[in-house]
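So you can see what is in the structure, the chains are spelled out below.
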Amino acid sequence: MLSGLLLSFGGLLLFGLPIFAALAFAVVVAVGFWGPFDPVIVPMRMFAGMNNFSLMAIPFFILASELMRIGGLSQRLVDLATVLVGWIPGGIAAATVLSCLFFGAISGSSPATVIAIGSIMFPALVAAGYDRFFAIGLITVAGTLGPIVPPSIGLIIYGSVTGASVGKLFAGGVGPALLIGALLIAACVIFAIRRGYPRQDFPTRAAFLLAIRRSAWGLGLPFLLLGGIYSGIFTPTESAAVACMYGWFVGAVIYKQIGVDELKSILKSSGAIAATLLLITAGASAFSWLLTITGAPGNLSSQVLSNTSDPFTIAALFNVVMLVTGFFLDSASAIIVLAPLLQPIAAQVGIDPVHFGLITVVNFSVGMLTPPVGLNLFVAMGVSKMSLRDVLRGCLPFIAIMIVALILITYVPWITLWLPDLIYAQ
């Protein structure tokens, strides 16, 4: 039945079915032809996969990010980032990375970050004299900070399928996000010095204070959410609802850019995005269920551990498997399918579940940059009006930086665990 499931899934993908449909129909085919179950169980498992309190956070965070984007926060965050780092060599490029880090801490989504920051910074980078390949590559890769820095939709999904604490996962995402941001900014400085890219003047005190004041309401959201979670005032799922109310208040009352028409458009677009993601989650849940009842996790664990029990080697193997999977599956589907398979093996060789969660999310963030399913590439095509080939060409140097960061995150657990250990220390 396992072979039939995998062959059916691969065949349906080749026929061009949407990923959620390929996942669900592969389960129907496998159960109908080789399994002892009535295929009617498949929609039941799809519903059961979505019937998870933690997953309620996903549509709320998507709505919150749309409210903050349409509400005028993106430009304010860019202005703040430019004031903070715009004066260093390659400052406007460094400000792009910092803007993605700021907006990612609000949206939790990679494509949303690319759209919100890219629509502002791509024209600005090109107008400032930056090569357009460099500009779109930087924006596309920096957008991957969205699902790594908390609050992260990817970490919520990982926590829901493995049982890991979402609060600890959020804390664990801080170190890797800062590392990736620092490496990308360092690359911007080096590129700017080598290629003679422009440098802005040091900001005046008045400009600095103005940027802080204009962006303060937006920057307050991550502190509100994480403070509420770690103080026990609300759960990660409840924090997503708080984020929606906060985003509407800031956009409608403070910035006065969200009226009735804008709100209708925001609800429509965020509903479509959330529905797409949850459909994929439903299909992947049924697929993961069938993998589990076939005994695939236990068999895979036995086969891997019979060959080696060295954590270094197993972690390298995990990275290869997840990077290759990221070529063909979106991050949500890949996490739901692979995390329940690989996390028990990681636990047996002593890899902390929070550490493994960040390894998983960073791997599939790289998958957002690789064809044929790399969603960030297609979003960047829309932002820049460039071809897929040109966008990918611009991304390649920065993808190499992401791989370096992934290796460091994998083999230096402290990068991930220092903050969870600090917050949750007994």
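An account of the accompanying structure is given in this report. Keep in mind the model is a prediction, meaning the values are calculated, not measured. (Residues numbered from 1 in each chain as written. Predicted model: local features only at pLDDT ≥ 70, side-chain atom pairs only at ≥ 80, totals over all residues. Heavy atoms only, no water.)

A few words on the overall build of the chain. Scanning the chain from N- to C-terminus turns up 21 helices and zero strands. Projecting the C-alpha coordinates of the chain onto the three principal axes gives extents of approximately 70 × 50 × 50 Å. Relative to its full complement of 426 residues, the chain shows a buried share of 53%. The contacts in the chain between residues at least 6 apart in sequence include a share of 78% that link residues at least 24 apart. (Helix = DSSP H or I, 4+ residues; strand = E, 2+ residues; numbered from the N terminus. Buried < 20%, exposed > 50% of the residue type's maximum accessible area, 1.4 Å probe, protein only. Contact = heavy atoms within 4.5 Å.)

If you trace the backbone, arginine 76 turns up in helix α5 (residues 73–85). Buried charge without a salt bridge: arginine 76, with aspartate 79 as the nearest opposite-charge side chain at an N-O distance of 7.1 Å. Engagement of the side chain of arginine 76 in a polar contact is seen with the backbone oxygen of arginine 214, the distance being 3.4 Å. Apart from residues no more than four positions distant in its own chain, arginine 76 is found in contact with Gly71, Arg214, Ser215, Tyr255 and Gln257. (Lys, Arg positive; Asp, Glu negative; His and termini not counted. Salt bridge = Lys/Arg side-chain N within 4 Å of Asp/Glu carboxyl O. Polar contact = N/O pair within 3.5 Å; in protein donor to acceptor, adjacent residues only side chain to side chain.)

To continue, consider the packing of helix α17 (residues 331–348) against helix α18 (residues 353–367). Interhelical geometry of α17 versus α18 gives an angle of 145° and a closest axis separation of 10 Å. At the point where α17 passes α18, the crossing takes the right-handed sense. Where α17 approaches α18, its residues Ser331, Ala334, Ile335, Leu338, Leu342, Gln343 and Ala346 are matched on the opposing element by Pro353, Phe356, Thr360, Val361 and Phe364. Its residues assigned to classes, the contact of α17 with α18 comprises nine nonpolar, three polar and no charged. (Axes fitted to C-alpha atoms, helices over the stretch in contact; angles between N-to-C directions. Left-handed = near helix turned anticlockwise from the far one by under 90°. Nonpolar A, V, L, I, M, F, W, Y, C, P; charged D, E, K, R; others polar.)

What follows concerns unusual backbone geometry. Glycine aside, residues mostly have negative phi angles, and peptide bonds mostly take the trans form. The omega angle of the peptide bond from proline 150 to proline 151 is -5°, so this bond is cis rather than trans. Mapping proline 151 onto the fold places it in the loop between α8 (132–142) and α9 (153–162). One non-glycine residue, lysine 256, lies in the positive phi region at around 55°. If you trace the backbone, lysine 256 turns up in the loop between α13 (236–254) and α14 (260–293). According to the relative accessible area criterion, lysine 256 is exposed, its value standing at 65%. Phi is positive for lysine 385, which is not a glycine, with a value near 60°. You can call lysine 385 exposed: its relative accessible area is 74%.

To continue, consider α17. In this model α17 runs 24 Å from its N-terminal to its C-terminal C-alpha over 18 residues, within 8% of the 26 Å that 1.5 Å per residue would give. Residue alanine 339 marks the point of greatest curvature in α17, where the axis turns by about 45°; the proline proline 340 follows within four residues. Residue glycine 350 follows α17 closely and has a positive phi angle near 90°. (Expected span 1.5 Å × (residues − 1). Bend = angle between axes of the 7 residues up to and from the residue.)

For the rest of this paragraph, the subject is a nonpolar patch on the surface. On the surface, a cluster of nonpolar side chains totalling about 650 Å² of accessible area is made up of Val404, Leu408, Val412, Trp414, Trp418, Leu422 and Ile423. Counting residues per element, the nonpolar patch draws most heavily on helix α21 (residues 414–423), which supplies four residues. Within the secondary structure, leucine 408 is located in helix α20 (residues 388–411). Classification of leucine 408 as partly exposed rests on a relative accessible area of 33%. (Patch = residues over 30% accessible without salt bridge, like charges linked within 9 Å, V, L, I, M, F, W, Y side chains within 5 Å. Areas by Shrake-Rupley, 256 points an atom, 1.4 Å probe, with all protein chains shown as cover.)

Moving on to the environment of glycine 382. Counting through the fold element by element, glycine 382 comes out in helix α19 (residues 375–384). As for glycine 382 and isoleucine 115, which are separated by 267 residues in sequence, their C-alpha atoms are 8.7 Å apart.

Among the secondary structure elements, serine 365 is positioned in helix α18. Here serine 365 falls in the buried class, since its relative accessible area comes to 2%.

Okay, the state of the cysteines next. Under the counting rule described, the total for this entry stands at zero disulfides. With no disulfide of its own, cysteine 188 lies closest to cysteine 100 among cysteine sulfurs, the gap being 10 Å. Since its relative accessible area comes to 0%, cysteine 188 is described here as buried. (Disulfide = S-S within 2.5 Å.)

Over the atoms, a rolling probe the size of a water molecule traces out where space has been left empty. Taken as a whole, the largest pocket spans an internal volume of roughly 680 Å³. Taken together, 29 residues form the lining of the largest pocket, with Ser109, Pro111, Leu277, Met368 and Leu375 sitting closest to its centre. (1 Å grid on protein atoms, 1.4 Å probe; cavity = no way out; pocket = protein on both sides within 12 Å on 5 of 7 lines; lining within 4 Å. Points joined across faces, edges and corners; volume = space filled by probe spheres on them.)

What follows is about the pattern of salt bridges. Tallied over the entire structure, the rule returns two salt bridges. Arginine 214 serves as the salt-bridge partner of aspartate 79, at 3.0 Å between the closest nitrogen and oxygen. Taken as a pair, aspartate 79 in helix α5 and arginine 214 in helix α12 (residues 205–231) lie far apart in primary sequence, 135 residues in all. For arginine 214, a relative accessible area of 30% corresponds to the partly exposed category.

What follows deals with the packing of aromatic side chains. For the structure shown, the criterion picks out eleven aromatic pairs. Seen from their ring centres, phenylalanine 312 and tyrosine 411 are 4.2 Å apart, and the 20° between their planes marks the pair as stacked. Taken together, the residues span a long stretch of sequence, with phenylalanine 312 in helix α16 (residues 311–328) and tyrosine 411 in helix α20 at a distance of 99 residues. Since its relative accessible area comes to 51%, phenylalanine 312 is described here as exposed. For tyrosine 411, a relative accessible area of 28% puts it in the partly exposed group. Put simply, the rings of Tyr130, Phe134, Phe191 and Phe398 pair up and form one aromatic cluster. Against the face of tyrosine 255 rests arginine 76, its NZ or CZ located 3.7 Å from the ring centre. In this structure, arginine 393 is placed above the aromatic ring of phenylalanine 133, and the distance from its NZ or CZ to the ring centre is 3.8 Å. (Phe/Tyr/Trp six-rings, centres within 6.5 Å; stacked < 30°, edge-to-face > 60°. Lys NZ or Arg CZ within 6 Å of the ring centre and 35° of its normal.)

Bringing the nonpolar core into the picture now. Of all hydrophobic cores here, the largest spans 142 residues; its most connected members are Val27, Phe134 and Phe287. For valine 27, the contacting residues outside a window of four places in its chain are Leu5, Val42, Ala286, Phe287, Trp289 and Leu290. (Core = buried A, V, L, I, M, F, W, Y, C linked by side-chain atoms within 4.5 Å.)

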